[in-house]
Amino acid sequence: MKKFLIAGNWKMNKTTQESEAFVRELKAKVKSNPEDVAVLVPFVDLHAVKNTLEGSGIKFGAQNVHFEPAGAFTGEVSVPMLKEIGVDYCVIGHSERREYFNETDETVNKKLKALLAADITPILCVGESLEIREKGEEQSFVGGQLVADFEGISAIDAAKIVIAYEPIWAIGTGKTATPEQAEDMCAFIRGVISGIYDQATGDAMLILYGGSMNAGNAKELLEKPDINGGLIGGASLKTEDFSIIAEAAASLK
Ligand code: PEP
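Residues numbered from 1 in each chain as written. Predicted model: local features only at pLDDT ≥ 70, side-chain atom pairs only at ≥ 80, totals over all residues. Heavy atoms only, no water.

> An account of the overall build of the chain is needed here, citing residue identities and associated values.
Within the chain, the secondary structure is distributed over twelve helices and eight strands. For a compact globule of 253 residues, the expected C-alpha radius of gyration is about 18 Å, and the chain comes in at 17 Å, within 12% of that figure. Projected onto the principal axes, the alpha-carbon positions of the chain cover approximately 45 × 45 × 35 Å. Going through the 253 residues of the chain one by one, you find that 53% of them count as buried. Taking all contacts inside the chain whose residues are at least 6 apart in sequence as the whole, residues at least 24 apart take part in 71%. Summing over all exposed atoms, the chain offers an accessible surface of approximately 11,000 Å²; the carbon and sulfur share of this is 52%. Here the chain contributes 25 positively and 37 negatively charged side chains, and the mean placements of these two sets differ by 4 Å. (Helix = DSSP H or I, 4+ residues; strand = E, 2+ residues; numbered from the N terminus. Rg over C-alpha atoms; globule rule 2.2 N^0.38 Å. Buried < 20%, exposed > 50% of the residue type's maximum accessible area, 1.4 Å probe, protein only. Contact = heavy atoms within 4.5 Å. Areas by Shrake-Rupley, 256 points an atom, 1.4 Å probe, with all protein chains shown as cover. Lys, Arg positive; Asp, Glu negative; His and termini not counted. Charge placed at Lys NZ, Arg CZ, Asp CG, Glu CD.)

> Residues and numbers for the sheet that holds strand 8 (residues 229-232), please.
Taken in spatial order, the eight strands line up as 1-2-3-4-5-6-7-8 and close into a barrel, and their pairing is parallel. Averaged over neighbouring strand pairs, the angle between their axes works out to 25 degrees when direction is ignored. Alignment of strand 4 (residues 89-92) against strand 5 (residues 121-126), held across four bridges, turns out to be parallel. Looking at strand 5, one finds that isoleucine 92 is bridged to leucine 124. (Pairing = 2+ DSSP bridges. Axes fitted to C-alpha atoms, helices over the stretch in contact; angles between N-to-C directions.)

> Got a sec to walk through the layout of surface pockets? Specific residues and values, please.
Of the pockets and cavities examined, the largest pocket occupies roughly 470 Å³. If you go around the largest pocket, you meet 17 residues; those closest to its centre are Lys11, Met12, Gln63, Asn64 and Arg97. The dominant element in the lining of the largest pocket, judged by the number of residues it contributes, is helix 4 (residues 95-100), at three residues. Here the residues of the lining of the largest pocket are counted per class, giving eight nonpolar, five polar and four charged. A volume near 190 Å³ is recorded for the second largest pocket. Ser212, Met213, Gly233, Gly234 and Ala235 are the residues nearest the centre of the second largest pocket, which is lined by 18 residues in total. For the lining of the second largest pocket, a count of residues per class yields five nonpolar, nine polar and four charged. (1 Å grid on protein atoms, 1.4 Å probe; cavity = no way out; pocket = protein on both sides within 12 Å on 5 of 7 lines; lining within 4 Å. Points joined across faces, edges and corners; volume = space filled by probe spheres on them. Nonpolar A, V, L, I, M, F, W, Y, C, P; charged D, E, K, R; others polar.)

> Let's hear about the site of the ligand: which residues, and what values?
As a matter of local geometry, the ligand sits amid 14 residues, with Lys11, Glu166, Gly172, Ser212 and Gly233 nearest to it. Asparagine 9 is positioned such that a nitrogen or oxygen atom in its side chain is 3.2 Å from an oxygen atom of the ligand. In the model, an oxygen atom of the ligand is placed 2.7 Å from a nitrogen or oxygen of the lysine 11 side chain. Split by residue class, the shell around the ligand holds four nonpolar, eight polar and two charged. (Near = heavy atom within 4 Å. Polar contact = N/O pair within 3.5 Å; in protein donor to acceptor, adjacent residues only side chain to side chain.)

> Break down the environment of valine 192 for me, citing the residues and quoting the values.
Looking at where valine 192 falls in the secondary structure, it is placed in helix 9 (residues 179-196). A sequence separation of 49 residues divides valine 192 from aspartate 241, and the C-alpha atoms of the two residues are 32 Å apart. With residues up to four places along the chain from it excluded, the contact list for valine 192 reads Gly143 and Leu146.

> So what's going on with the packing of helix 1 (residues 16-29) against helix 2 (residues 46-53)? Residues and values would help.
In the contact formed by helix 1 and helix 2, the axes pass within 9 Å of each other and the chain directions differ by 25 degrees. Relative to helix 2, helix 1 is oriented roughly parallel. Where helix 1 crosses over helix 2, the two elements pack in a sense that is right-handed. Within the contact between the two elements, helix 1 uses Thr16, Ser19, Glu20, Val23, Arg24 and Lys27 and helix 2 uses Ala48, Val49, Thr52 and Leu53. Taken together, the residues that form the contact of helix 1 with helix 2 break down as four nonpolar, three polar and three charged. (Parallel < 35°, antiparallel > 145°, perpendicular 65-115°, else oblique. Left-handed = near helix turned anticlockwise from the far one by under 90°.)

This is a description of form; function is not addressed.
Structural data, given as structure tokens:
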């Protein structure tokens, strides 16, 4: 059976009160396979979201973390802090963090290792800019990101990571990659992971597509063999749209 994860990246949206109201509605709308659905929320919403999701089966997580366990890092949040709350997932290396907050493959790699040591599932984002795609260099770019991001991570740990292929030109632009473009890159990523580790690790890897996925286009993307779900920004902020995407995945299992 194909594995899926439908993960909503709220970015810097929803106050605690708004997050509670949203999650209450979402619980009622996600009818099948709630364990394949996750909301990735601002740090301040984590407690409320956890409490409101209680008993629903829907997972939750954060959008970033620091790689050091504690210390003089004003404004940052550590892995032990997330662990104590009980998050299931943490997004790492989102293109917005790489672009606006100087996230590099080196810090991504350190964050992956810190999360894996704490048994929190990282959702690692990779993807090329429009400029790189127009030069036809998307595979070498994304391949390079993967080699650097997985540096020094064992096959056993690598298998626990979820990868999100997110072409930067499709994020928040309304311009979705075609199902063929998304499938080509997700299959390529699976091949890179098989090359670094082995075929079994590549075959078992959960690889999501992200970039303007919505209620209208989700099914044809999710039908592709190498796409195991979506990392969804804009369309994850409305329970109606997000639950339609979740149901599309459930219908393909
Ligand atoms: C994202 O933030 O990861 C994303 C894919 O956003 P959107 O769905 O809005 O393009």
